Amino acid sequence: MTGNGKDRKPSVLIPYLQLWDIADHIDEWLRLSEVIDFIKYRVTDVDAFKRFFKASDVECLWVTDDFVESLGGPSEFWEFYPKSLKAMVVPWVGCDFIDGQRLRKEKNIVLCNIGPNASDSVADAALLLVLSCFRMTSFWEHCFRFAALGNVADTKNYIGGRELNQIDISLVNSNGSQSSQSYDFPEAVSPSQRSGLNMSKSFTIGGKSVDSPTGKNALILGFGSIGQTIGKRLSLGLGMNIYYYKRKGSIPDDELGYNAKFCQDLSSRETWYLAAVIVVSPPGTASTKHIINEKTLSMCKDGVRIVNVGRGTCVDENALINALNSGKVNSCGLDVFKDENTGISKDLLRRWDVTLLPHIGSAVSDMVIKQTIITLQNIKSILIDGKDGIYPIN
């Protein structure tokens, strides 16, 4: 399929199942196609794909979302890498599905991602989740639509509430069957309870505080390009005070373009206690696994908010749920989860004080084009220019 001979173009294998998330209509793709053979392989038979991959002479593997989500990613095909394979390109940032160092050491394969170029999109999602944690916007929308049925006054009857009721909802499953589910939902305040209610002291819903993020402290864990962009959004957009932890040390404010204070010690109670919201944005590594856990949460002030746009492994979800139940955590916003391929915790799905996004931090049409262009640049650098890629990470 890729041909032989000295005039053969270098080849890139692109395995996918159904979803094609590559902008192959753009000029950059068409130009590089003149000197690169892009092999679009729709996987309908995994064993057949393994045989093809092993027998091929492709130089580069383009990792697609389908390939990771449905087939487990390149680690599942380790024994089938052809000897010709010299590069693996990933059109996003997180590469925790493959051991990059082992890839380089044992196979001499360079691994590239898209560097800092997803920062704006992920920071947008983080901003949304921070706002939702403080203002409880997910609850307000759900209540307005489905509890108060569009009645503004009835929706506001939940202000000042401190109790929860268990309610049942009916669900229609993907196969057409029906099931019911119970979960706790805030109790509306009765007319007698609302009489004389001091909203400056009791602006709560189900016992959880509703506040503005303006002037509050945000602690950002993981301060690479994404963390820095999140800090910019929160500082300049919401007027928050930014604190951050970065394993490699502090960054001068003149490089950031806003004021931010470096926290050098995650074992210090002071680091955790200062935060009104903690934004988790590091990559998924052994050192960041469960960086949010029972111990670190115990050092936080009561009512802290938690936002995770990094990796699901960064948060001990059991500890988080316990902290939500106790009130140690007021609310949280999550775009990543521990078990994304098998289904996330029902204890998180059923919570009214948690905003959930299905890992869409960079899922926008603009980003599909941008990540295609950058991946093409990585490929050209390696296969045409003989270099190590624009954004090698191993």
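Note that the structure is predicted; figures quoted are calculated from it, not measured.

> So what about the overall build of the protein chain? Which residues, and what values?
Along the backbone of the protein chain there are 15 helices and 16 strands. Counting only C-alpha atoms, the protein chain reaches 85 × 55 × 35 Å along its principal axes. The buried share of the protein chain, reckoned over its 394 residues, is 48%. Accessible surface computed for the protein chain: about 19600 Å², of which carbon and sulfur atoms make up 47%. Where the 43 positive side-chain charges of the protein chain centre and where its 45 negative ones centre are 3 Å apart.

> Before we move on, could you go through the sheet that holds strand S3 (residues 60-62) and cite the residues and values that matter?
Hydrogen bonding along the main chain pairs the strands of a sheet, whether they run parallel or antiparallel. If you walk across this open sheet you meet the five strands as S2-S1-S3-S4-S5, and the pairing is parallel. The outermost strands of the open sheet, each flanked by one partner alone, are strand S2 (37-42) and strand S5 (110-112). Within the sheet, the average angular offset between the axes of one strand and its neighbour, ignoring direction, is 20 degrees. Strand direction decides the pairing type here: strand S1 (residues 11-16) and S2, joined by six bridges, are parallel.

> Tell me about the nonpolar core, residues and numbers included.
Residues Val130, Ile230, Leu234 and Met240 are the most contacted members of the largest nonpolar core, which totals 31 residues. In terms of residue count, the dominant contributor to this core is helix H5 (residues 119-135) (seven residues). Setting aside anything within four residues of it in sequence, one finds valine 130 in contact with Leu234, Leu238, Met240, Val277, Val279 and Val307. Formed by 30 residues, the second largest nonpolar core is a distinct cluster that contains Leu274, Ile306, Leu324 and Leu348.

> Let's hear about helix H9 (residues 225-238): which residues, and what values?
When the terminal C-alpha atoms of H9 are compared, their 19 Å separation across 14 residues agrees well with the 20 Å that a helix rising 1.5 Å per residue should span. Of the residues making up H9, those classed as buried are Ile226, Gly227, Thr229, Ile230, Gly231, Leu234, Ser235 and Leu238. Its buried side turned inward, H9 meets H5, strand S10 (217-221), strand S11 (241-245) and strand S13 (277-280). Downstream of H9 by a residue or two, glycine 239 has a phi angle that is positive, lying close to 70 degrees.

> So what's going on with unusual backbone geometry? Which residues, and what values?
Despite not being glycine, methionine 136 has its phi angle at roughly 55 degrees, a positive value. Mapped onto the elements of the fold, methionine 136 is located in the loop between H5 and helix H6 (137-147). Judged by relative accessible area, methionine 136 falls into the buried class, the value being 3%. At histidine 359, a residue that is not glycine, the phi angle is positive and equals roughly 55 degrees. The topology assignment puts histidine 359 in the loop between strand S16 (354-356) and helix H15 (365-384).

About the criteria used
The written sequence of each chain sets the order in which its residues are numbered from 1. The predicted origin of the model limits local features to residues at a pLDDT of at least 70 and limits the giving and counting of side-chain atom pairs to 80 or more, whereas totals for whole chains, interfaces and linings rest on all residues. With hydrogens and water excluded, all non-hydrogen atoms of the structure serve as input to the side-chain values. Comment: elements are numbered from the N terminus, with helices defined as DSSP H or I runs of at least four residues and strands as E runs of at least two. When a residue's accessible area, from a 1.4 Å probe over protein chains only, is under 20% of the maximum for its type it is buried; when over 50% it is exposed; and in between it is partly exposed. Under the convention used here, a 1.4 Å probe and the Shrake-Rupley method define accessible areas, while residue burial counts only the protein chains that appear. In this tally, Lys and Arg are treated as positive and Asp and Glu as negative; His is ignored, and so are the chain termini. The atoms used to mark charge sites are NZ of Lys, CZ of Arg, CG of Asp and CD of Glu. In this scheme, strands are said to pair when DSSP sees at least two bridges between them. Orientation is described by axes fitted as lines to C-alpha atoms, over the contacting stretch for helices, and by angles from 0 to 180 degrees between their N-to-C directions. Side-chain atoms within 4.5 Å are what join buried Ala, Val, Leu, Ile, Met, Phe, Trp, Tyr and Cys residues into a set we call a nonpolar core. Throughout, a contact is declared for two residues whenever any of their heavy atoms are within 4.5 Å. Expected helix span is taken as 1.5 Å per residue step, with the number of steps being one fewer than the number of residues.

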